[in-house]
There are 2 protein chains.
Amino acid sequence: MTVYLVGIDGGGTSCRAAVAGPDGRILARAHSGPANILSDPDTALENIADATRAAFDAAGLDPHSIASARAVLGVAGNNVGDAVHYVKNRLPFAEADIESDGLIALQGALGDSDGAVAILGTGTIYISRHRDTVTYIGGWGFTVGDFGSGARIGHALLQESLLAHDGIHAMSAVSTSVLAEFKNNPREIVEFARQAKPGAFARYAPRVFEYANQGDAVATRLLNDAAASVDEALDCLVARGTRTICLLGGLGTLYSSRIAPRHQKVMALPEGDALTGAVSLAVSRFGRLKAIV
Amino acid sequence: MTVYLVGIDGGGTSCRAAVAGPDGRILARAHSGPANILSDPDTALENIADATRAAFDAAGLDPHSIASARAVLGVAGNNVGDAVHYVKNRLPFAEADIESDGLIALQGALGDSDGAVAILGTGTIYISRHRDTVTYIGGWGFTVGDFGSGARIGHALLQESLLAHDGIHAMSAVSTSVLAEFKNNPREIVEFARQAKPGAFARYAPRVFEYANQGDAVATRLLNDAAASVDEALDCLVARGTRTICLLGGLGTLYSSRIAPRHQKVMALPEGDALTGAVSLAVSRFGRLKAIV
């Protein structure tokens, strides 16, 4: 019986699965709903199983093969021991490793080469690999970290809008647009911010890029500050010997033209996505196993 | 029967009361426990009454005179209508006005002159008065405002310590001291920050001033950034015609030497404190009334 390999990319908005043959060739992909193992492990387990079944179905494979499959899962919140333990014991596979979403993204982007990824989305984290050593920088979350992230950029825009309202900073088109959205009532901004989670702040980040591209002075200054914080982290990676860096995440492409010239020479396009990375890890870890069922 | 005038300065840690004769001369002062009308109005009412009784007692006055007294209260959260209404209807005085803690601080600092106060404590707010017009700048709270405040300075120190831990910024004595306090475990900083209220961040601010005074580069940079944000707000006041500014609040004195040279000429020492200001407002509003009891 063939032992299929499964890659899972589980995130807060969706779960993606890919099934591959023992040689690592991806046969089919599919997706399902959210898979946040920390906040809702049972729903995550359901969606991991659903996405896997859909991938096997799309590949024309017998769903009974899932029970003998080997999988690598990349998930957010994988460093929380209890949640990982709970989920790992309830997966439908013969064997599975649970890794961070960052690690599968790194594997997908770089393959087996040394280098680093800067994951620039709602949060920011930098992951580098030198031979077998993987090092994480940043990723401390919105409250005291994640500089340059969508959440911090959106948050900075709201702050700027209040400063413009008070007359402390100059008004610009982007701050005007925010104030108008909150009916020119600073209290509404304060109340929104008091309750906002990082994702709610991050929804303002694309607007900052959009206005900066139109030459808006405030948006440009906010992005210059954000890019400077990304450049500082990249300096740190380069100083430690990294020679190849891929910008990933929802803001990766938007940032690519704003990174300092000194870093342009180490920039590389990712080889593949995080799901490919999960499959590739499954191949290297389980690819030579025989079926035990 | 003499109508006594009462000033109340109600804050989150204590409530201060002063009683004055109809001429405004303060006869005695006293204090009691916290009086936050927003978070705990009943305790606030108790402590307002306690502090008032203690002041009348210290002045050798009959406590029955409280019922005919007129008062001005300065409280945090005075802009929340329901809480003000609830408290105002349950005060022991014949008549009382509830004002912001900032307004009584302004009155205490400037007397009846035009000018402004920068209240630099856990939060920051700027209040200016030109004849009868009082204008507020800032004071939007920790989440999207309060630049230069103790909470923001303490928060910035924790962020810096994580950046130093990651090797993104240079380590210095002040970041080393923070990391040591959290057992060199960045996760403990993240967890602390996730739960910290502004006051908890603000407790780190004096350390930043202390290390900056010893020449620490990181502490100095953090304070330069904070002072720049205060200077921007002062620029705004000056541009609108303010010619006298008092720095108040727990950080007021610490900031006085860090304010830009361009502002030193408008700096003035406060005439009196917030409690004096509350009494002075009580005198101007109620000082000529006759007893109605």
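Above this text you will find the structure in question.
Nothing here was measured: the structure is a model prediction, and the numbers come from that model. (Residues numbered from 1 in each chain as written. Chains lettered and ligands numbered in written order. Predicted model: local features only at pLDDT ≥ 70, side-chain atom pairs only at ≥ 80, totals over all residues. Heavy atoms only, no water.)

Draft legend 1. Expanded view of the overall build of chain A. Check the secondary structure of chain A and you find twelve helices and nine strands. Taken over C-alpha atoms, the radius of gyration comes to 21 Å for chain A, in line with the 19 Å a tight globule of 293 residues would show. With the C-alpha coordinates of chain A rotated into their principal frame, the extents come out at 70 × 40 × 30 Å. Buried positions account for 52% of the 293 residues belonging to chain A. For chain A, the share of sequence-separated contacts (at least 6 apart) that also reach a separation of at least 24 residues comes to 62%. Total accessible area computed for chain A in this model is approximately 13000 Å², and 51% of it derives from carbon and sulfur atoms. Of the side-chain charges in chain A, 25 are positive and 30 negative, and the distance between the mean point of each set is 3 Å. (Helix = DSSP H or I, 4+ residues; strand = E, 2+ residues; numbered from the N terminus. Rg over C-alpha atoms; globule rule 2.2 N^0.38 Å. Buried < 20%, exposed > 50% of the residue type's maximum accessible area, 1.4 Å probe, protein only. Contact = heavy atoms within 4.5 Å. Areas by Shrake-Rupley, 256 points an atom, 1.4 Å probe, with all protein chains shown as cover. Lys, Arg positive; Asp, Glu negative; His and termini not counted. Charge placed at Lys NZ, Arg CZ, Asp CG, Glu CD.)

Draft legend 2. The arrangement of the sheet that holds strand S8 (residues 133-138) of chain B in detail. Residue and element names in this part refer to chain B. Read across the sheet, four strands follow the order S8-S7-S6-S9 without closing on themselves; strand pairing throughout is mixed. The sheet is open, and its two edges are formed by S8 and strand S9 (245-248), each paired on a single side. Direction aside, neighbouring strands of the sheet carry axes that sit 15 degrees apart on average. Direction of pairing for strand S7 (residues 124-130) relative to S8: antiparallel, over a ladder of six bridges. (Pairing = 2+ DSSP bridges. Axes fitted to C-alpha atoms, helices over the stretch in contact; angles between N-to-C directions.)

Draft legend 3. Spotlight on the interface of chain B and chain A. The interface of chain B with chain A comprises 29 residues on the first partner and 29 residues on the second. Summed over the three residues of chain B that lose the most area to chain A, namely Trp140(B), Val144(B) and Asp166(B), the buried surface amounts to 29% of that side. Here chain B is connected to chain A by zero salt bridges. For the side of chain B that touches chain A, the elements supplying multiple residues, two or more each, are S8, helix H4 (150-166), helix H6 (186-195) and helix H9 (217-239) of chain B. Among the elements that take part in the side of chain B that touches chain A, H4(B) stands out by supplying eight residues, more than any other. For the side of chain B that touches chain A, the per-class residue count stands at 14 nonpolar, nine polar and six charged. (Buried area = accessible area lost by both parts, 1.4 Å probe. Salt bridge = Lys/Arg side-chain N within 4 Å of Asp/Glu carboxyl O. Nonpolar A, V, L, I, M, F, W, Y, C, P; charged D, E, K, R; others polar.)

Draft legend 4. Representation of the nonpolar core. Ranked by size, the top nonpolar core spans 50 residues in total, and within it Leu120(B), Tyr126(B), Ile153(B), Leu158(B), Leu234(B) and Tyr255(B) carry the most contacts. Of all the secondary-structure elements, those providing two or more residues to this core are strand S6 (115-120), H4, helix H5 (173-181), H6, helix H7 (198-202), helix H8 (205-213), H9 and S9 of chain B. Ranked by size, the runner-up nonpolar core spans 48 residues in total, among them Ile137(A), Ala200(A), Phe201(A) and Val218(A). (Core = buried A, V, L, I, M, F, W, Y, C linked by side-chain atoms within 4.5 Å.)

Draft legend 5. Just the pattern of salt bridges, in detail. Inspection of every chain in the model, using the stated rule, returns 24 salt bridges over all chains. One salt bridge in this structure joins Glu95(B) and Arg70(B), with 3.6 Å as the shortest N-O distance. With Glu95(B) in strand S5 (residues 95-100) and Arg70(B) in strand S4 (residues 70-75), the pair connects residues that are 25 residues apart, well separated along the chain. Note on Glu95(B): relative accessible area 37%, which makes it partly exposed. Via salt bridges that share partners, Asp9(A), Arg16(A), Arg29(A) and Asp273(A) belong to a single interconnected network.

Draft legend 6. Structural view of the state of the cysteines. All names here are of chain A. Applying the stated criterion across every chain yields a total of zero disulfides over all chains. Note on Cys-236: no disulfide assigned, nearest cysteine sulfur contributed by Cys-246 at a separation of 18 Å. Among the residues examined, Cys-236 registers a relative accessible area of 7% and is labelled buried. (Disulfide = S-S within 2.5 Å.)

Draft legend 7. Seen up close, the relation of the copies chain B and chain A. Superposition record for chain B on chain A: RMSD 0.1 Å, screw rotation 180 degrees, translation along axis 0.1 Å. Both chain copies can therefore be described as sitting about a two-fold axis. Proximity to the rotation axis, assessed at the C-alpha, singles out Thr143(B) in chain B; its C-alpha lies 4.9 Å from the axis. Of the residues that chain B buries at the interface, 97% are likewise interface residues in chain A, meaning the two copies contact each other through the same surface. (Least-squares fit on C-alpha atoms with pLDDT ≥ 70 in both.)

Draft legend 8. Layout of the sheet that holds S5(B). Residue and element names in this part refer to chain B. The strand order S3-S2-S1-S4-S5 describes an open sheet built from five strands, whose pairing is mixed. Lying at the two open borders of the sheet, with one neighbouring strand each, are strand S3 (26-32) and S5. Strand after strand, the sheet turns through a mean of 15 degrees between neighbouring axes, direction not considered. Pairing geometry for strand S1 (residues 5-10) and strand S2 (residues 15-20), over six bridges, is antiparallel. Directly across from Gly-10, in S2, lies its bridge partner Cys-15. On the sheet, helix H1 (residues 41-58) packs against S1, S2, S3 and S4 and is oriented at approximately 140 degrees with respect to S3. Each of S1, S2, S3, S4 and S5 touches helix H12 (residues 274-286); the most contacted strand, S1, lies at about 140 degrees to it.

Draft legend 9. Quick look at the pairing of strand S6 (residues 115-120) of chain A. Residue and element names in this part refer to chain A. Among the six residues that make up S6, six are buried, leaving the element largely enclosed by the rest of the structure. Every second residue of S6 is oriented toward a common face, with Gly-115, Val-117 and Ile-119 on one face and Ala-116, Ala-118 and Leu-120 on the other, all of them buried. In this sheet, strand S7 (residues 124-130) lies alongside S6 in antiparallel orientation, the contact comprising six bridges. Within S7, the residue paired with Gly-115 across the bridge is Arg-129. Linking S6 to S7, which pair antiparallel, is a turn of three residues. In this structure, S6 lies alongside strand S9 (residues 245-248), joined through four bridges in parallel fashion. Its bridge partner being in S9, Ala-118 is matched across the sheet by Leu-247.

Draft legend 10. Structural view of the environment of Glu181(B). Residue and element names in this part refer to chain B. With respect to the helices and strands, the residue Glu-181 is situated in helix H5. Residue classification places Glu-181 among the partly exposed residues on the basis of a relative accessible area of 39%. Linking Glu-181 and His-169, residues twelve residues apart in sequence, is a C-alpha distance of 19 Å.

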